Structures are given as C-alpha cells and as structure tokens.
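Geometric and topological summary
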There are 2 protein chains.
Amino acid sequence: MLRFDLLSTSTTTRARRGRLTLSHGTVETPVFMPVGTAASVKSLDSRDLEGLGAEIILGNTYHLMLRPGDDLVARRGGLHRFMDWSRCILTDSGGFQVFSLSTLRRLTDAGVTFRSHVDGSLFELTPERAVAIQENLGSDIAMQLDECPPALAPKADVAAAVRRSTAWARRCLEAKKRGDQALFGIVQGALFEDLRAEHAATLVSMGFAGYAIGGVSVGESPEDIDRIVRLTAPQLPADKPRYLMGVGTPSDLVRGVAAGVDMFDCVMPTRNARNGMLFTSQGRLVIKNAEHRESDLPLDAGCGCYTCRHYSRAYLRHLYVAKEITYYRLATLHNLSFYLELMRSIRAELERDAFDPAVWLRRLGGAGEGAG
Amino acid sequence: MLRFDLLSTSTTTRARRGRLTLSHGTVETPVFMPVGTAASVKSLDSRDLEGLGAEIILGNTYHLMLRPGDDLVARRGGLHRFMDWSRCILTDSGGFQVFSLSTLRRLTDAGVTFRSHVDGSLFELTPERAVAIQENLGSDIAMQLDECPPALAPKADVAAAVRRSTAWARRCLEAKKRGDQALFGIVQGALFEDLRAEHAATLVSMGFAGYAIGGVSVGESPEDIDRIVRLTAPQLPADKPRYLMGVGTPSDLVRGVAAGVDMFDCVMPTRNARNGMLFTSQGRLVIKNAEHRESDLPLDAGCGCYTCRHYSRAYLRHLYVAKEITYYRLATLHNLSFYLELMRSIRAELERDAFDPAVWLRRLGGAGEGAG
C-alpha cells in the first residue's frame, strides 16, 4: 500500500511537506533514506537507526540477490524480519549496480545477464525477476528495472536506453503481484531535457504509485543535477511522491526539496563518515587533520547526536588513526544525524512556510557541496 | 584508593566473593574485565559496556603510550574522560606487550628500550616511567613493570627475570605518587613452582594493594595454568585482591575462581567474536558454518543479550560473510555478555555457597576450553 498526503506547499518554491503511509508505517517528507546496502546500514544496528529517527531505509536488490539471496530472505520472513527493522524499506531494482559493479555479459530487450562481483557466478535480471526479487524481500516500495547508460553516453544511446526502460516499466507493472508493496517508475534521459520530458510523460501515463528521477547521481555537476531535477519534477503528478535517486550532498538535498522532490538517498553521509569526513554546521571536518589532535570539542557544538554528546574530536581522531572499529559507528551516527536533522529542520520550516533554500545554501557553505 | 571487602568464602573450594572499592566505583568480584586496548573495547562504545554491566575494563599502557600518547591523554583529563567511561579502569604496565609486540632493542636492569610496532620510533620503558605513564592515564589500578621471559625459557633465565622484576617492583612502589591509584605487584616464575613461591613471598613483603599472577597466559596448557594458579594464589594475602593476567577460556575462569582468584582479563571473548567464534551455553558456535545459513535461532536461546534478543544466526552469518562492520559489534556484545553472565552466575552461587567448579566445567564442555 501507499498513500501520499500533501500537507502543505511552499509559496516561494516548489517544495512540499508531505506524509507517506506505507505498509510498515508513515514517513514524513521530504525525507532522507539511509542506505542499508546488504541488509545493514554499515556499522549500525536497528536500535541505532531508530534512535536517529530514521523512518525509512534503503536496501540494494543487487547486493541482496547475490548474498544472502532473496529466496533465503523470503524464507526468513522478508527483509524487515531478517534485519529486525520494523519501519519502512525501499529497495532499488538492482539495475544501477548491475551496470556499475558487475561484469556485464549481455544486454537485450529481455533483460541483462551479468557476473556477480562477489564470486563471478552468472545471474540474469529481467523486469519480471526484479519485481519478484523485491517481492521476496518484501520492501514497502519497489523500483522498476531500468537501463542506466554511462553518464556521458551519446544521445542516441540514451534514447535507446529510455525506450528500453519504458518497455521494462510496463513489464514491471504487469509482473507485480503483492498488494502491500508500491512500485515506482524511474525517469531516465541523462542530461537531455527533451528525453527527460518525454520519458516523464510516458511513465506518468502508466500510473505508478510514485516516480523517481534516475541517472543523475554519478559524475554530474551540481548545476546539471539541479537543472534536470527542476525540469523533471514539475512534470510528475503533484499527488504522487517524487524520489531523486542517489543524490546527494546536503546542498543537493536543499535544491531538490526546493524543486519539489520528496525522497532522497545517498551513500555520502555513511561512506564519508568511514573515510574520515564529517559534516558539521561549521563546514566539513576531516578528522585525521592534526588540528583535532588535542581538541576537546565535540564534532559539532550544535549537534545533539550520541557521538557529539559523549566524545571529543581528539578521541574520535585517535580511534580513526588507530583504525578502531568503534570509530566507524560513532562517525556514521553523527553524519546520518546531520542529514536527518537537516531534513527535520526543512520539514519544520515548510510547516510554517518559512523554507528558504538560499539561506540554507549559504549556511551549509563548504559542508554542502562537493564529493567529499 | 583501593578497599577490598571479602563478603564470603566458599566452604568447598578456595573461591571468594568480594567487593573492590576503587576511585571510580565498586567492582563485584570475581570479575572479568573486558580488554579495551587502545582506549576502546573494539567495536563497542561506553554505553554498550554499561549495558553489559561491565564495572571495570582494561587499558593497555603499551598501546596508549605509543598512540595517542599518555601525555595527550593526561591533557584530556585522563583515560576515563578521554573515552567517556565513568566506571573503573585497570592498566597494565606495558611490559608484556614490549616483550611480545615491539622490536626489543636493549634490556638492562634500568629498563627496556624498544621500537614502536606502530611507526618504528624508539621508546624507553623503566619502572618509574611505567608508573608515570599509568598516573598520566589515571587508571584506578596500575600494574608494576615486570620482565616477561619467553614461555619456555630455561630456569636460569626465568630466575634472572624474577630478580629483575623484584627490583622493578620496588622502584615502582617508590615512584608512585598518586593516592587515587592502586598499584599491584606481579608474581612471575613461569612453570617453576619454587620460583613462583619465592617471588610471591618477596612481593607480599613489599605490601602491594593487590597481587597478580603473570606469565601464564601465553602458550601454557590449561593444566599448567591451573597448577601454577593453585600453587600461587594461596601464597597471596587473603585480604588483598588477586588477579590472573590474560587468562582465559571460560573453564580457565572457573578453575581460577576455585583457586581463589578475584580478577581476570582476556582478549578471547572480543577477538574470537571478530573471528566468528561465539560462546553459547550449548558449546562453541562457528558462525560461518553452513548449518547456520538458514537458521532463525538466536546464537543462544538462553542468552538475554541485545544480539540474541534481536538477531538470528542466519542474519549474523550473512553479516559475517559479507564482512559488514555491524557484525563485529553484535558478535562482541554477545561474547562479552557470555563472559560477564558467567561471572555473575558464579558470584550468585558464591553468595549461597553453592559454587561447584566440576558442575561448571561439565556444563561448559567444549565451549569452555581451547584457544578457539
């Protein structure tokens, strides 16, 4: 099931304050979804995620189908039960990772054959199989299988990928069996505005429960992402949730919200935490830098996360330098808290129609941009 | 400060139920101390340790003097504040690791010069320096510097090491300044009963706050450990705490308690957890084994730890195989819970004079012994 209530709309931007009701609970939007690739948000457990106030997390179909396998997860009662997470889950279709992580063997209209990056074994992913796998996983929101061409592919190749993705979208809708799972379509078209517009119109005519903007997360500039999102979002139905896949920096999120996007996911807060880059209200902090060696300050004096309430930069730097496992969890807790608090603040501003993206972008400054 | 109250004594064994009062609180004995080598019990944070009911943890002077450095820790307000741990801490002297981890440069009566295993830089450790470092760290219990000869050294070498350790013990007592830190002597002598007896008598005459049995943790058989502990423990004052260093398996703990030991530490529960070996009331469990692939059972149906209350063997096996960071914490929580619950049960039995080591050794069976 999926119900989307539009609670309020910004009068100065296209931003929306909404509420998603899914099989496993409600999700206040705009929302950031922490990425739990292989049935775990790396270094955290379910209690940590609940403590952070996460209402929905993402699972990667590609990783889960390879290991431990969607059949095994289904026999365990589904992904929620397997990983002891009682709130909502969105799964992607696996398409993006097949095109970026695996060794591609064959791509036809039928689907794609690839070798697992884990053990080299051969797998096939078709639209029907992508739906069946996600139904095995039992996520609240499933994504259609789409073809993800390289970021800088020529227009003819992108157009062909859009046509194939459209055909796959239709087959996904037809293959869908579970009533408790919502299926989203994905608008492709790279940086070509006419292809984006055309694809959006086609998918909307099919009547998905929600719509994603795909193919803008890797290798695009913030300006290109913003241009495509601002073009595409208004072409999607106002009464359906809009999801910008794999994006992005805090500033990307602010611009996405301003353009009318409701849902986001990105590995940036979790991956950057593990690599020693921490988001703060004063900008980005590189924990290994010598300036933190003797600092008794928390990462961010304005942050109320567990890490900032209990540990100094000096201690976290020590753990990072000594490669202590505990570092990864404390850093991940902080960065996810930064992202989730950002969205919480934005939602509060939207409720009183006080959301101003320019103020946010100024305030975020260096912390907001770049690849980290 | 250190106060040791003997609450009761077993009528059938030499076991004692006691209570240590230290600068940062009380410790119910017999006690197992989780090892927090480099200012963190690997993969856990302070809240986790409190949740497990740990009352005292161990820090390694060798690791901390090299990184982040005891001066830095002192400037941060000491180890308790640095790692946000408000309960008790025992630090070792660094001697054991100098002899086992570093490249030894020179060993004289004055002390030992060695190269750091971290960056190859040259360090010196003397009895006075070992005390000063531990006073910088601010632990509740500090250990004397001792010489740790190889496990199978000839008797003449062991006797020489005992003589040197005795001289160092005296210098540690003389160097001691802080009144809020208790200093323990360490009985050496390898497997030579006469050397052990002689060394115990000499150290006891010096009047330490507590006494450790050292040099039995590495490479000794359970029988040899038991023989030496049963010989040495009764030669230590009844009204002072006795600490068996670096030992051991659950069965070693049971035998140690029966011989009159009050304190234990060992990396086994934490290290084995990370390597996939988990302690259960039904024996040892190797989580990667295929039999757990589809198991919805908890690690141990009788265990009340966070991991067992929330996660199945199938999920933990998946995390382990996929090398997910979350595995390390969940496994460590379980193994430490097993050790701490074992000691809690033993203490409860001692309170009603119902402690029977034979019953425990039978019950522990395969889980209790061996190097894992």
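Predicted model, so just to flag it, every value in this text is computed and none were measured. (Residues numbered from 1 in each chain as written. Chains lettered and ligands numbered in written order. Predicted model: local features only at pLDDT ≥ 70, side-chain atom pairs only at ≥ 80, totals over all residues.)

Topic: the overall build of chain A
Heads up, the condition is: Numbering of helices and strands starts at the N terminus; helices are DSSP runs of H or I of at least 4 residues and strands are runs of E of at least 2. With the radius of gyration taken over C-alpha atoms, the globule rule is written as 2.2 Å times the number of residues to the power 0.38.
When helices and strands are counted, chain A shows 15 helices and 16 strands. The C-alpha atoms of chain A give 20 Å as radius of gyration, which agrees with the globular expectation for 372 residues (21 Å, within 12%). Across its three principal directions, the C-alpha atoms of chain A cover 60 × 50 × 40 Å.

Thoughts on the relation of the copies chain B and chain A
Here the two chain copies are tied together by a rotation about an axis and a shift along that axis. The criterion, for reference: A least-squares superposition brings the copies together, and it is based on the C-alpha atoms of residues with pLDDT no lower than 70 in both. Throughout, a residue-residue contact means that the two C-beta atoms, derived from backbone geometry, are no farther apart than 7 Å.
Once turned by 180° and shifted 0.0 Å along the axis, chain B lies on chain A with an RMSD of 0.0 Å. Interpreted geometrically, this transformation is the action of a two-fold axis. Among all residues of chain B, the minimum C-alpha distance to the rotation axis is found for B:I325, at 3.8 Å. A shared binding surface is used by both copies, with 100% of the interface residues of chain B retained as interface residues in chain A.

Notes on the interface of chain B and chain A
Going by this rule: Nonpolar residues are Ala, Val, Leu, Ile, Met, Phe, Trp, Tyr, Cys and Pro. Charged residues are Asp, Glu, Lys and Arg, and all others, Gly as well, are polar.
Chain B puts 33 residues into the contact, and the matching count from chain A is 33 residues. When residues of the side of chain B that touches chain A are traced back to their parent elements, those giving at least two are helix 3 (70–75), helix 13 (313–321) and helix 14 (325–351) of chain B. The residue makeup of the side of chain B that touches chain A, split by class, is 16 nonpolar, seven polar and 10 charged.

Quick look at the packing of helix 7 (residues 155–175) of chain A against helix 8 (residues 193–206) of chain A
Residue and element names in this part refer to chain A. Inclusion rule: Helix axes use the C-alpha atoms of the stretch in contact, all axes being lines fitted to C-alpha atoms, and the angles between their N-to-C directions lie in the range 0 to 180 degrees. Angular relationships are summarised with four words: roughly parallel below 35 degrees, roughly antiparallel beyond 145, roughly perpendicular across 65 to 115, and oblique for the angles in between.
Orientation of helix 7 relative to helix 8, taken along the N-to-C sense of each, is 10°, at an axis distance of 11 Å. Relative to helix 8, helix 7 is oriented roughly parallel. Contacts from V158, A159, V162, T166, A169, R170 and L173 in helix 7 reach L195, H199, T202, L203 and M206 in helix 8. For the contact of helix 7 with helix 8, the class distribution of residues is eight nonpolar, three polar and one charged.

Overview of the pairing of strand 11 (residues 182–187) of chain A
All names here are of chain A. The cut-off we apply is this: Note on burial: count the other C-beta atoms lying within 10 Å of the residue's C-beta; 20 or more is buried, 12 or fewer is exposed, in between is partly exposed, and C-beta positions come from the backbone. In this analysis, strands are considered paired if DSSP registers two or more bridges between them.
Of all six residues making up strand 11, six are buried, and the element is well covered by its neighbours. A two-sided burial pattern is seen for strand 11, the buried positions comprising A182, F184 and I186 on one face and L183, G185 and V187 on the other. Summarising the sheet, strand 10 (residues 141–143) and strand 11 pair through three bridges and their orientation is parallel. Along strand 11, the bridge assignment pairs A142 with L183.

A few points about the domain arrangement of chain A
Residues and elements named next belong to chain A. Short version of the rule: Domain start and stop positions are those given by an automatic or database domain assignment.
When cut into domains, chain A gives domain 1 (2–272) and domain 2 (276–368). Measuring from the centre of the C-alpha atoms in domain 1 to the corresponding centre in domain 2 gives 26 Å. For the side of domain 1 that touches domain 2, the elements supplying multiple residues, two or more each, are strand 4 (31–33), helix 1 (46–52), helix 10 (250–258) and helix 11 (268–274). Among the elements that take part in the side of domain 1 that touches domain 2, helix 10 stands out by supplying seven residues, more than any other.

Observations regarding helix 7 (residues 155–175) of chain B
Residues and elements named next belong to chain B. Counted only if it meets this: Expected helix span is given by 1.5 Å per residue-to-residue step, counting one fewer step than there are residues.
Taking 1.5 Å per residue as the helical rise, helix 7 with its 21 residues ought to reach 30 Å, and the 30 Å between its terminal C-alpha atoms agrees with that figure. Of all the residues in helix 7, the buried ones are V158, A159, A161, V162, R164, S165, T166, W168, A169, R171 and C172. Along its buried surface, helix 7 packs onto helix 6 (127–137), strand 11 (182–187) and helix 8 (193–206).

Examining the sheet that holds strand 3 (residues 25–29) of chain A
Residue and element names in this part refer to chain A. Taken in spatial order, the three strands line up as 1-2-3 in an open sheet, and their pairing is antiparallel. Each end of this open sheet is capped by a strand with a single partner; those strands are strand 1 (2–9) and strand 3. Here the average twist between neighbouring strands, direction ignored, is 15°. Across five bridges, strand 2 (residues 16–22) lies against strand 3 in antiparallel orientation. Bridging across to strand 3, L20 finds its partner in V27. Docked against the sheet, helix 14 (residues 325–351) engages strand 1, strand 2 and strand 3, running at close to 115° with respect to strand 2.

Focus on the nonpolar core
Generally speaking, a soluble globular protein has its nonpolar side chains buried in company with each other. The condition is simple: As used throughout, a nonpolar core is a set of buried Ala, Val, Leu, Ile, Met, Phe, Trp, Tyr and Cys residues joined through C-beta atoms within 7 Å of each other.
By size, the foremost hydrophobic cluster in this structure holds 217 residues, and its most contacted members are A:F184, A:L316, B:F184 and B:L316. Sequence-distant contacts of B:F184, that is, excluding residues within four places in its chain, are made with B:I141, B:M143, B:Q144, B:F208, B:A209, B:G210, B:Y211, B:A212 and B:Y243.

Regarding helix 13 of chain B
Across the nine residues of helix 13 of chain B, eight count as buried, placing the element largely inside the fold. All buried positions along helix 13 of chain B are accounted for by B:R313, B:A314, B:Y315, B:L316, B:R317, B:H318, B:L319 and B:Y320. Buried residues belonging to helix 13 of chain B abut helix 4 (79–82) of chain A together with helix 14 of chain B.

A look at the environment of B:L22
Residue and element names in this part refer to chain B. By secondary structure assignment, the location of L22 is in strand 2 (residues 16–22). By C-beta crowding, L22 is classed as buried, having 25 other C-beta atoms within 10 Å. In contact with L22, other than residues within four places in its own chain, are M1, L2, V27, C88, D140, I141 and A182.

Some remarks on unusual backbone geometry
With an omega of 5°, the peptide bond between A:T29 and A:P30 qualifies as cis. Take A:P30: it is sitting in the loop between strand 3 and strand 4. The backbone phi angle of A:A39 is positive, close to 70°, even though this residue is not glycine. Take A:A39: there are 26 C-beta atoms within 10 Å of it, and that puts it in the buried class. Phi is positive for B:D84, which is not a glycine, with a value near 55°. Topologically, B:D84 is positioned in the loop between helix 4 (79–82) and strand 6 (88–91).

Some points on the packing of helix 8 of chain B against helix 9 (residues 222–232) of chain B
All names here are of chain B. Applied cut-off: Crossings are classed by handedness, with left-handed meaning an anticlockwise turn of the near helix from the far one by less than a right angle and right-handed meaning a clockwise turn.
Helix 9 packs onto helix 8 with a crossing angle of 35° between their chain directions and a minimal axis gap of 10 Å. For the pair helix 8 and helix 9, the crossing hand works out as right-handed. Together, E193, R196 and A200 of helix 8 and I228, L231 and T232 of helix 9 make up the contact between the two elements. Its residues assigned to classes, the contact of helix 8 with helix 9 shows three nonpolar, one polar and two charged.

Some thoughts on the sheet that holds strand 7 (residues 103–107) of chain A
Residue and element names in this part refer to chain A. The three strands are arranged 7-8-9 in an open sheet whose pairing can be described as antiparallel. Here the strands that pair on one side only, and so sit at the sheet edges, are strand 7 and strand 9 (122–125). The sheet shows a mean angle of 25° between the axes of neighbouring strands, taken without regard to direction. Bridge analysis of strand 7 against strand 8 (residues 112–115) gives four bridges, and the strand direction is antiparallel. Of the residues in strand 8, the one forming a bridge with L107 is V112.

Thoughts on the environment of A:Y339
All names here are of chain A. Along the chain, Y339 falls in helix 14. For Y339, a count of 22 C-beta atoms within 10 Å gives the class buried. Expressed as a C-alpha distance, the spacing of Y339 and L244, which sit 95 residues apart in the sequence, is 15 Å. Not counting the four nearest positions on each side in its chain, Y339 is found in contact with F32 and P269.

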